[in-house]
Amino acid sequence: MKFKNSKLAKTLSLFISSLIILSCQPKIPKEALILTPESLENRQLQTRKYETSDEMKILGACAALLQDLGFGIDESETELGVLVGSKTRSAENAGQIVGAVILAILIGAYMPTDRDQVMRACIVTKPSEENHCSVRVTFQRIVFNSRNEVSCREFINDPEIYRDFFEKLSKAIFLEAQGV
Amino acid sequence: MNKKRLFLLLFIFIFLVGCATTHDRLLDTDTSQVQLRNIQSRVFDTTDKDKTLRTVIATLQDLGFIIDKADFSLGSITATKLNQYALRMTVTVQPRGETQLLIRANAQYNITPVVDPEPYQNFFTSLEKSMFLAAQEVD
């Protein structure tokens, strides 16, 4: 097919592409709601069992620990063993700022850098077999840049963070028992 | 010249059609209420609300969600998964008759509602595994 008028061809192609853009909407990724082998791995990383049948005592220690770590409690449902906290911290990164400055000097372009981040922690307790209570913690963060746009939203999956957290929780449970 | 005008008019028309009104967006009128309930709900043969809610929470955590809100009395859990995208999900657990519980989930992917059956089917398949019970479609 050949158009006599190239303007007409251009308009037509613009028209078609606008139709395509309008008709396609972002779709949810297929794997978003499917369990993977990593799900089990993550669960083990994020869970510890404590030898007690007193779920409330564990939840109390968790709330105190969130406070120790500078989190504020956003939501709690003791009947289901749910505790959610959040805090806002700086997300400034020296390397990124240096990169942005160099870019600005070289080509005069402004590159937004990360400014702050909302960090969220969710603790879920669950009574498990015979006198045990399991505690599962998960973290995520939302990073905002200097233009106040969300530059990153992610799940925090660093094993060291989880190990460190449970070490502190063991201490908190001990302190709770001592009434400190 | 006339053709140009015609195209311009067509463009404007299409863009106007593409823009939903606040009314449409607020009430999401483009999906059928009955159909939506069907794809978002499953029935389980159990009456243990506490255990079911706790299993829903555990499944959501397995899927990488963080719990935002939980209410035992209402039987509702809201959670968000962040993985560059934001997926927000609310799951409710309600008694159905004397022997069953009805679980209903609805999700929002970034700024669009999830209306496809497949993601919900995936969620209920994941939930079935943790519940050790089969999810039945609502008649």
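Residues numbered from 1 in each chain as written. Chains lettered and ligands numbered in written order. Predicted model: local features only at pLDDT ≥ 70, side-chain atom pairs only at ≥ 80, totals over all residues.

With respect to the overall build of chain A
(1) Moving on: A tally of regular secondary structure across chain A gives five helices and six strands.
(2) Moving on: For chain A, the N- to C-terminal ordering of α and β elements is α-α-β-α-β-β-α-β-β-β-α.
(3) Moving on: In summary, chain A has a C-alpha radius of gyration of 25 Å against a globular reference of 16 Å for 180 residues, an excess of more than 25%.
(4) Moving on: Taking the principal axes of the C-alpha coordinates as reference, chain A spans close to 85 × 40 × 25 Å.
(5) Moving on: For chain A, the proportion of its 180 residues judged to be buried stands at 22%. (Helix = DSSP H or I, 4+ residues; strand = E, 2+ residues; numbered from the N terminus. Rg over C-alpha atoms; globule rule 2.2 N^0.38 Å. Buried ≥ 20, exposed ≤ 12 C-beta atoms within 10 Å, placed from the backbone.)

Re the packing of helix H3 (residues 55-68) of chain A against helix H5 (residues 159-178) of chain A
All names here are of chain A.
(1) Moving on: Their axes nearest at 9 Å, the elements H3 and H5 cross at an angle of 115°. The handedness of the crossing between H3 and H5 is right-handed. Together, Lys57, Ile58, Gly60, Ala61, Cys62, Ala64, Leu65 and Asp68 of H3 and Lys168, Leu169, Ala172, Ile173 and Glu176 of H5 make up the contact between the two elements.
(2) Moving on: Within the contact of H3 with H5, the residues separate by chemical class into eight nonpolar, one polar and four charged. (Axes fitted to C-alpha atoms, helices over the stretch in contact; angles between N-to-C directions. Left-handed = near helix turned anticlockwise from the far one by under 90°. Contact = placed C-beta atoms within 7 Å. Nonpolar A, V, L, I, M, F, W, Y, C, P; charged D, E, K, R; others polar.)

With respect to unusual backbone geometry
All names here are of chain A.
(1) Moving on: Positioned with a positive phi, Asn131 is a non-glycine residue whose angle comes to about 60°.
(2) Moving on: One can find Asn131 in the loop between strand S4 (114-128) and strand S5 (132-145).
(3) Moving on: Under the C-beta neighbour-count criterion, Asn131 is labelled exposed, with 11 such atoms within 10 Å.

Examining the confidence of the model for chain B
(1) Moving on: Mean pLDDT over chain B works out to 89, with 94% of the residues at or above the 70 mark.
(2) Moving on: Scored as a whole, the predicted complex attains pTM 0.82, and scored at its interfaces, ipTM 0.79. (pLDDT = per-residue confidence, 0-100.)

Observations regarding the packing of helix H4 (residues 49-62) of chain B against helix H5 (residues 117-131) of chain B
All names here are of chain B.
(1) Moving on: Where H4 meets H5, the axes come as close as 9 Å, and the angle between the chain directions of the two elements is 120°. By the angle between their directions, the pair H4 and H5 is classed as oblique. In this structure, H4 crosses over H5, and the sense of that crossing is right-handed. Contacts between H4 and H5 pair Thr55, Val56, Ala58 and Thr59 from the former with Ser126, Leu127, Ser130 and Met131 from the latter.
(2) Moving on: The residue makeup of the contact of H4 with H5, split by class, is four nonpolar, four polar and no charged. (Parallel < 35°, antiparallel > 145°, perpendicular 65-115°, else oblique.)

Description of the interface of chain B and chain A
Interface size is commonly expressed as the accessible surface area that is lost when the partners come together.
(1) Moving on: Contacts between the two partners involve 35 residues from chain B and, on the opposite side, 32 residues from chain A.
(2) Moving on: When contributions to the side of chain B that touches chain A are tallied by element, the ones reaching two or more residues are helix H1 (2-18), H4, strand S2 (66-71), strand S3 (76-83), strand S4 (85-96) and H5 of chain B.
(3) Moving on: Split by residue class, the side of chain B that touches chain A holds 18 nonpolar, nine polar and eight charged.

Here's the deal with the environment of Val82(A)
Residue and element names in this part refer to chain A.
(1) Moving on: As for its placement among the helices and strands, Val82 is situated in strand S3 (residues 82-90).
(2) Moving on: The class of Val82 is buried, set by 24 C-beta atoms lying within 10 Å.
(3) Moving on: On a C-alpha basis, the gap between Val82 and Ser151 in space is 29 Å, while along the polypeptide they are 69 residues apart.

Here's the deal with the environment of Val84(A)
(1) Moving on: Assignment of secondary structure puts Val84(A) in strand S3.
(2) Moving on: In sequence terms Val84(A) and Gly99(A) are 15 residues apart; their C-alpha atoms lie 36 Å from each other.
(3) Moving on: For Val84(A), the residues in contact, after removing those within four places along its chain, are Asp74(A), Glu75(A), Arg120(A), Cys122(A), Ile67(B) and Asp68(B).

Overview of the pairing of S4(B)
On any regular strand, side chains alternate: one points to one face of the sheet, the next to the other face.
Residues and elements named next belong to chain B.
(1) Moving on: Of the pairings in the sheet, the one linking S3 to S4 comprises eight bridges and is antiparallel in character. Each bridged residue has a counterpart across the sheet, and for Lys81 the counterpart in S4 is Leu87.
(2) Moving on: Hairpin connection between S3 and S4: a loop of one residue separates the two successive antiparallel strands, and Gln84 in this loop has a positive phi of roughly 70°.
(3) Moving on: Counted along the chain from S4 to the antiparallel partner strand S5 (residues 100-109), the turn is three residues long, and its residue Gly97 has a positive phi close to 70°. (Pairing = 2+ DSSP bridges.)

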